[in-house]
Amino acid sequence: MKVACEVTAAAGHILPGAAEVGSRKQKVWARAGSSAMLPCYLSHRKMGKSWKQLPDKTSVLWKRLGGSTHQEPHAVLEVEVSGLRKTALPMRPRVSLQDSALRNGNFSLRISPVRSEDAGLYEARVVHNTKVQSCHVELGVITVTLSPPSPVVENEPLLLRCNSSHRASLVEMCWFHSGSPVPTSRTFCSSHGALSIFRPATSDAGSWRCQLRYSDNETISAMYNLQILGFDGPTSPVVYAAAGSAADLPCTLSYLPTAFGINAVTAHWSRLAGGHLQDWGISHNSSSRSFPLHLPAVGLGDAGQYRCAVSVGSRTISRDVTLAVVTVTPSIQGPVSEGSHLLLLCSLTHPQGHERFQWKQLNSASTNSKLARAASHNLERYRFQMGPTLEIPHVSQKDTGTWECSVYGPEGRLGAVEYGLQITGAQVSSPPTIFSGQVTFGLTLTFFLLLTVCVLALALQKRARPPAFPALDGMVAITVPRKKEVEENQKEKIQQTEC
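(A) Expanded view of the pairing of strand E12 (residues 170-177). Buried residues dominate E12, accounting for 6 of its 8 residues. Here E12 pairs with strand E16 (residues 206-214) via 7 bridges, running antiparallel. By the bridge assignment for E16, His177 is matched with Trp208. Two strands pair when backbone bridges link them, and E12 and strand E13 (residues 180-181) are joined in this way by 2 bridges, in the antiparallel orientation. Bridge pairing links Phe176 to Pro181 in E13. The antiparallel pairing of E12 with E13 creates a hairpin that spans 2 residues between the two strands, and Ser178 there sits at a positive phi of about 55°.

Quick look at the structure:
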């Protein structure tokens, strides 16, 4: 069988206006489970001026002349002149005619849903104004079957079969997923009208199309919507959480169980820690497809692998989730002295090998704008530092605050952890030394000016006030010798003593 496949238009689509009464046989293809329209039209040219009288003077009889099961010709649907309808029991209520279409000369037969045994040749006999005309339409059925039947569970092998009622020899079969040809590989194998998927994943769900080409150059195709019950997200998800923070481990089904007619759903989480199996029960809820596990505060002891098992009907599917805890280890335990050499190590449990780290200072404890700008200028070399280790050669007050270590992967930021840096003796809200000296100098100058003003005020007040006792002032002036006279008397006494 040929392997190369070419994308062709899907066969089986009915073109409007085909198969007029009295024309040659028309062939229609339909997929089992879908609907089919067997066309039969009476043109206005043949109806003439009497087309308005069709409802009262027209009868229609659809017959099946034969099929692949070699059945005898039998009536399928009849509309008498009186409007009475008769339908064959095997096809009731799957066949119908539209009343509004009959008035316009449209006698097409609709079959919904189509079954594989419906394939065969059909004839419509239209009696109009004593004239008998007919349409002949051959219905071909293409069937796509799934094994095991739905629901398909991820990682369980499945088989898609594609065949049709065409009698010619099959030359080529091709499969397409979302419009792209599917080559044979370890995952897919196409052979003898069937496609095997050994380990189906949720990414394999969606639209599938099989294309069949026969020896008489007949090419037909059919679509099939494949639903795979599994879990949303990556196959082995990893949740990154900072030590001490909350974490939610995901467990979300790809479809609601009720979409498959399943109402019995249970889920539980488990973890093998230190040889002891821990279990968390999840309430039964068939109207939801999400069963997360909430951990309020995680630590290093909580890191590891967890398993979510969901029982849907008689089947159980499981998904393993890894919890990776992000921590920060400082080289100096406790408060850090100013001027110290500090290293902050950002570590991760259960690394996957693709993570990268970035350090960033979220805020500074300094409240002075000039100091903050100076700190921003001085910290440019390690404010955004790549790698798990942050090095601060000389710790200063500008380093006080919250530092964040972020973990990044190919898909973006995965998680982060924060570290609060406190420095011994750091007075975050006190003014700088320069500002304190300015305040001291200002206070001293003010005190000196006040003292000078007080002295001048007392002197002016004393000069302006007249003496209260003038005579006493004169007596004091007389009795008190002058300084010059006292000095001369002392010199004379010295001279006399020497003689």
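From this point on, the discussion continues.
(B) Spatial organisation of the sheet that holds E16. Taken in spatial order, the 4 strands line up as E13-E12-E16-E17 in an open sheet, and their pairing is antiparallel. Of all strands in the sheet, those bounded by a partner on one side alone are E13 and strand E17 (219-226).

(C) A look at the side chain of Arg209. Mapped onto the elements, Arg209 comes out in strand E16. Salt bridges are absent for the buried Arg209, whose nearest opposite-charge side chain, Glu172, sits at 10.0 Å. A distance of 3.3 Å separates polar atoms of two side chains, one belonging to Arg209 and the other to Gln211.

(D) Main features of the sheet that holds strand E6 (residues 95-96). The sheet built from 3 strands is open, its strands ordered E2-E7-E6 with antiparallel pairing. Because the sheet does not close on itself, it has two edges, and the strands there are strand E2 (36-38) and E6.

(E) View of the pattern of salt bridges. Summed over all chains, the structure comprises 9 salt bridges. Close ionic contact of Arg289 with Asp232 constitutes a salt bridge, the shortest N to O distance being 2.7 Å. Here Arg289 is found in the loop between strand E22 (276-282) and strand E23 (293-295), whereas its partner Asp232 is found in the loop between strand E18 (228-229) and strand E19 (238-242), with 57 residues between them in sequence. In this structure Arg289 comes out as partly exposed when scored by relative accessible area, which is 31%.

(F) Focus on the environment of Trp62. With respect to the helices and strands, the residue Trp62 is situated in strand E3 (residues 58-67). Note: C-alpha distance between Trp62 and Tyr122 (60 residues apart in sequence) is 7.0 Å.

(G) Summary view of the confidence of the model for the chain. With 75% of its residues at a pLDDT of at least 70, the chain reaches an overall mean of 79. Of all secondary-structure elements in the chain, the lowest mean pLDDT belongs to helix H6 (residues 470-479), at 42, while E19 reaches the highest, 97. Within the model, pLDDT remains below 50 along residues 366-372, and this stretch shows 5 contacts once partners closer than five positions in the same chain are excluded. Scored below 50 in pLDDT, residues 374-382 shows 14 contacts in the model against residues more than four places distant or in partner chains.

(H) Fine view of unusual backbone geometry. The residue after Ser112, namely Pro113, is reached through a cis peptide bond having omega -5°. Position of Pro113 relative to the elements: it lies in the loop between strand E7 (109-111) and strand E8 (120-128). Cis peptide bonds are those with omega within 30 degrees of zero, and the linkage from Ser147 to Pro148 qualifies with 0°. Mapped onto the elements, Pro148 comes out in the loop between strand E9 (131-147) and strand E10 (152-153). Phi is positive for Asn217, close to 70°, though the residue is something other than glycine. Assignment of secondary structure puts Asn217 in the loop between E16 and E17. Judged by relative accessible area, Asn217 falls into the exposed class, the value being 62%. Residues other than glycine seldom take positive phi values, yet His350 does so here, at roughly 55°.

(I) Representation of the packing of aromatic side chains within the structure. If you walk through the whole model with that rule in mind, you get 3 aromatic pairs. A ring pair is formed by Tyr255 and Phe260, whose centres lie 5.8 Å apart and whose planes are at 85°; its orientation type is edge-to-face. We classify Phe260 as buried; its relative accessible area is 16%. Note on Trp280 and Tyr306: the rings are 5.8 Å apart at their centroids and 40° apart in plane angle, and the pair reads as tilted. One end of the pair, Trp280, is in strand E22; the other, Tyr306, is in strand E24 (residues 304-312), and 26 residues separate them in sequence. In this structure Trp280 comes out as partly exposed when scored by relative accessible area, which is 24%. The ring centre of Phe176 lies 4.6 Å from the NZ or CZ of Arg209, which sits over that ring.

(J) Quick look at the state of the cysteines. Tallied over the entire structure, the rule returns 4 disulfides. Disulfide pairing is shown between Cys40 and Cys135; the S-S distance is 2.1 Å. Taking the sign of the S-S torsion, about 70° here, the bridge from Cys40 to Cys135 comes out right-handed. Within this pair, whereas Cys40 is found in the loop between E2 and helix H1 (44-47), its partner Cys135 is found in strand E9, the two being separated by 95 residues in sequence. Covalently, Cys346 is tied to Cys405 through a disulfide, its sulfur atoms 2.1 Å apart. Taking the sign of the torsion about the S-S bond as the criterion, the disulfide between Cys346 and Cys405, at about -95°, is left-handed. Taken together, the positions of Cys346 in strand E27 (residues 342-348) and Cys405 in strand E31 (residues 401-409) put the pair 59 residues apart, joining distant regions of the chain. Of the two residues, Cys346 and Cys405, neither departs from the other in class, the shared state being buried.

(K) Here's a closer look at a nonpolar patch on the surface. On the surface, Leu445, Phe448 and Leu449 cluster together to form a nonpolar patch covering roughly 310 Å² of accessible area. Residue placement: Leu445 occurs in helix H5 (residues 433-464). Look at Leu445 and you get partly exposed, because its relative accessible area is 43%.

Reading guide: rules and limits
Residues numbered from 1 in each chain as written. Predicted model: local features only at pLDDT ≥ 70, side-chain atom pairs only at ≥ 80, totals over all residues. Heavy atoms only, no water. Buried < 20%, exposed > 50% of the residue type's maximum accessible area, 1.4 Å probe, protein only. Helix = DSSP H or I, 4+ residues; strand = E, 2+ residues; numbered from the N terminus. Pairing = 2+ DSSP bridges. Lys, Arg positive; Asp, Glu negative; His and termini not counted. Salt bridge = Lys/Arg side-chain N within 4 Å of Asp/Glu carboxyl O. Polar contact = N/O pair within 3.5 Å; in protein donor to acceptor, adjacent residues only side chain to side chain. pLDDT = per-residue confidence, 0-100. Contact = heavy atoms within 4.5 Å. Phe/Tyr/Trp six-rings, centres within 6.5 Å; stacked < 30°, edge-to-face > 60°. Lys NZ or Arg CZ within 6 Å of the ring centre and 35° of its normal. Disulfide = S-S within 2.5 Å. Patch = residues over 30% accessible without salt bridge, like charges linked within 9 Å, V, L, I, M, F, W, Y side chains within 5 Å. Areas by Shrake-Rupley, 256 points an atom, 1.4 Å probe, with all protein chains shown as cover.

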